[in-house]
Amino acid sequence: MTKTELAYTGIYTDWTREAILAEVEKQMKPSRFQHVLRVEACSIQLAEKYGAAVEACSLAALLHDFSKEHDPESMKAIVLSEGMDSEMTGYGSEIMHGPVGAYYAKTLFGITDEAILGAIRQHTIGGETMTLIGKVLFIADYIESGRAFKGVDEARRLAADSLDEAAYFKIEKTIIHLVKKELPIYTGTIYVYNSWIQRKVGKSE
Ligand code: DGI
Ligand code: FE
Ligand code: FE
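Residues numbered from 1 in each chain as written. Chains lettered and ligands numbered in written order. Predicted model: local features only at pLDDT ≥ 70, side-chain atom pairs only at ≥ 80, totals over all residues. Heavy atoms only, no water.

Asks: So, the overall build of the protein: which residues are in play, and what are the values?
Replies: For the protein, the count of helices and strands is 10 helices and 0 strands. Along the chain direction, N to C, the helices and strands of the protein fall in the order α-α-α-α-α-α-α-α-α-α. In terms of overall size, the protein behaves like a compact globule, its C-alpha atoms giving a radius of gyration of 16 Å where 205 residues would be expected to give roughly 17 Å. Along the first, second and third principal axes, the C-alpha set of the protein runs to 50 × 40 × 30 Å. Residues classed as buried in the protein amount to 47% of the 205 residues present. Restricting to contacts in the protein with at least 6 residues of sequence separation, those with at least 24 account for 63%. By element, 54% of the accessible surface of the protein is carried by carbon and sulfur atoms, the whole surface being about 10100 Å². Distance between charge centres in the protein, computed from 23 positive and 29 negative side chains, equals 6 Å. (Helix = DSSP H or I, 4+ residues; strand = E, 2+ residues; numbered from the N terminus. Rg over C-alpha atoms; globule rule 2.2 N^0.38 Å. Buried < 20%, exposed > 50% of the residue type's maximum accessible area, 1.4 Å probe, protein only. Contact = heavy atoms within 4.5 Å. Areas by Shrake-Rupley, 256 points an atom, 1.4 Å probe, with all protein chains shown as cover. Lys, Arg positive; Asp, Glu negative; His and termini not counted. Charge placed at Lys NZ, Arg CZ, Asp CG, Glu CD.)

Below you can see the structure in the form of structure tokens.
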């Protein structure tokens, strides 16, 4: 399936693909919009390989960074009024943009599919449990063709064999990266790391 064949209308949202792209493009600088399109392309490839719902993965990718460049004060207002974890407000837009992006996916784009909303919500830190759609977005955001950090080739190799191995790699490397940069780690990030490492250790016993 090519991207232009994706319609969405009536399946996940009444918005057309063109209208979604136009709205997303308005929210961010051109370089980030290009990142979004690359995440979508990578998500579609992973979805086809692992048997995930292609249109749902495409839609989650297009909307995943919707709020990334929004004013942190407006995001904070949504976090508090929606009863989300207020600790998220202490990390600028980094932690809030996933959950706030999911809020816009629901309220602005009318998406009710919990797998799509959860994928957007969890895309930065992952989750103790993730759906297939959630894992596809989590990995595609990390390995899309424009990413060039040390370790991305290893992540791409892992993703060719196992979404779980790639997800664990991202979770572990993100913690290491944050520690090296002396950045504060959100409690949710540590919680997700603990749940994945416990499962991994459990597996090898
Ligand atoms: O939005 P993107 O840049 O495409 O990617 P993303 O949503 O995965 O965001 C990645 C950023 O979030 C990256 O710079 C690391 C940061 N991040 C993830 N977990 C934490 C965090 N930053 C802090 N300070 N604490 C965290 O726990
Ligand atoms: Fe993001
Ligand atoms: Fe992203």
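Asks: Can you lay out unusual backbone geometry for me, pointing to particular residues and giving the numbers?
Replies: A positive phi angle, near 55°, is found at glutamate 182, a position not held by glycine. Assignment of secondary structure puts glutamate 182 in the loop between helix H9 (163-180) and helix H10 (187-204).

Asks: Quick one: what's the story with the packing of helix H8 (residues 152-161) against H9, residue by residue and with numbers?
Replies: Two numbers describe how H8 lies on H9: the axes approach to 6 Å, and their chain directions differ by 150°. With respect to each other, H8 and H9 are oriented roughly antiparallel. When H8 is examined against H9, the residues Glu154, Ala155, Leu158, Ala159 and Asp161 are found in contact with a partner set consisting of Leu163, Glu165, Ala166 and Phe169. In terms of residue class, the contact of H8 with H9 is made up of 6 nonpolar, no polar and 3 charged. (Axes fitted to C-alpha atoms, helices over the stretch in contact; angles between N-to-C directions. Parallel < 35°, antiparallel > 145°, perpendicular 65-115°, else oblique. Nonpolar A, V, L, I, M, F, W, Y, C, P; charged D, E, K, R; others polar.)

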